[in-house]
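# Structural overview
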Amino acid sequence: MRRVSLDWLRINWNSELNQMEPHLYHRGGLVFISGSRTSACNSFLKLLRNIVEASDGLSIQLYPEDSSTRTPIDIVAKLAAKLAVNLDEDGETETPYQVLHGLYAGGDIKIEDVNVKFEGALNSKSDLSQHTNIVACEFKKTIENDCKVLLILYNWKLAPEDCVFWFWNGLWSCGLEELIEKGLLVVCAGEMDFQELLESTLNNHPDKFIQLPERYQGDSLETAIDDVAVLIGKTSNHSHETSRAIARSLLVNWEYYPSQLHAKLPLQQYL
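One non-glycine residue, Asn 155, adopts positive backbone phi at about 50°. Tracing the backbone shows Asn 155 in the loop between β3 (149-154) and α5 (161-179). What makes Asn 155 buried here is its relative accessible area of 10%. At Tyr 256, a position not held by glycine, the phi torsion is positive, near 65°. Take Tyr 256: it is sitting in the loop between α8 (240-253) and α9 (258-264).

Rendered as structure tokens:
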């Protein structure tokens, strides 16, 4: 695997990276990554994004907790911004609105339960469909320009139903699925099992399923100790043997949980 700047993210991901390698560097694919509360899933996804971006690729992560992507319209806008494409083909600018402007009274004004809804062009189904097509075409252009694209859907089962439906029956069917063979990598990941991941994709079966370990044990523990020892050696004057002893002690204290280890990095405060 190629070296990237965030070496600490690579702790004990050898097996998982070997499984991801053909999808990262060659054919793309739809990959499920299942983690648990202790698996440090976010750290692994951050590593994948770092690898793609280190090769001048493009990585995008969508997740339900992002308040700016709670509707299909929001997601289209975010994808368009990441792809540097302008959805406003007519060059129109946003129109400012003033609500309850110019009120004058001799005393206090109390306003309750005011609901304001703007029905702009971007809210119509026809324009959502049009913008979906534009974004799908831009994905294609980006990939055809030899730019690796990684799209991560994190905890997608928690996304609003209309977003899930739009992604798989709209954007995916509109062209993204065909781009898998050209190198597009779509990763569906989160703290969920295979069946939950499958349901979050409306039963689109993956090219690969990866289960992240809940804790270090056996060979993975020894690999993690070696990886941590190398990091300790880079930030201290300890010998490799001393660094391994410190690494083993730290992992014992953290109950061998990947999430605990990654939450404590970098390690300077423990040396």
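On we go from here.
This part is about helix α3 (residues 72-82). Given 3.6 residues to a turn, an α-helix orients residues that are three or four positions apart in the same direction. All of the buried residues along α3 are Pro 72, Ile 73, Ile 75, Val 76, Leu 79 and Ala 80. Buried residues of α3 fall within an arc of 160° about the axis and therefore sit on the same side. Just downstream of α3 lies Ala 84, where phi reads positive at about 60°.

What follows deals with the nonpolar core. Core analysis: the largest hydrophobic core is formed by 41 residues, its most contacted members being Leu 79, Phe 139, Trp 156 and Phe 167. Sorting the residues of this core by element identifies β1 (29-34), β2 (58-62), α3, α4 (125-144), β3, α5, β4 (185-190) and α6 (194-200) as the ones contributing at least two each. When residues in this core are grouped by element, the largest group, nine residues, is from α5. Every residue in contact with Leu 79, bar those within four places of it in the chain, is listed here: Ile 60, Leu 62, Val 135, Phe 139, Leu 151, Trp 166 and Leu 171. Residues Met 20, Val 31, Phe 44 and Leu 185 belong to the second largest nonpolar core, which totals 23 residues.

Parameters and conventions
- Residues numbered from 1 in each chain as written.
- Predicted model: local features only at pLDDT ≥ 70, side-chain atom pairs only at ≥ 80, totals over all residues.
- Heavy atoms only, no water.
- Helix = DSSP H or I, 4+ residues; strand = E, 2+ residues; numbered from the N terminus.
- Buried < 20%, exposed > 50% of the residue type's maximum accessible area, 1.4 Å probe, protein only.
- Arc of directions from axis to C-beta.
- Core = buried A, V, L, I, M, F, W, Y, C linked by side-chain atoms within 4.5 Å.
- Contact = heavy atoms within 4.5 Å.

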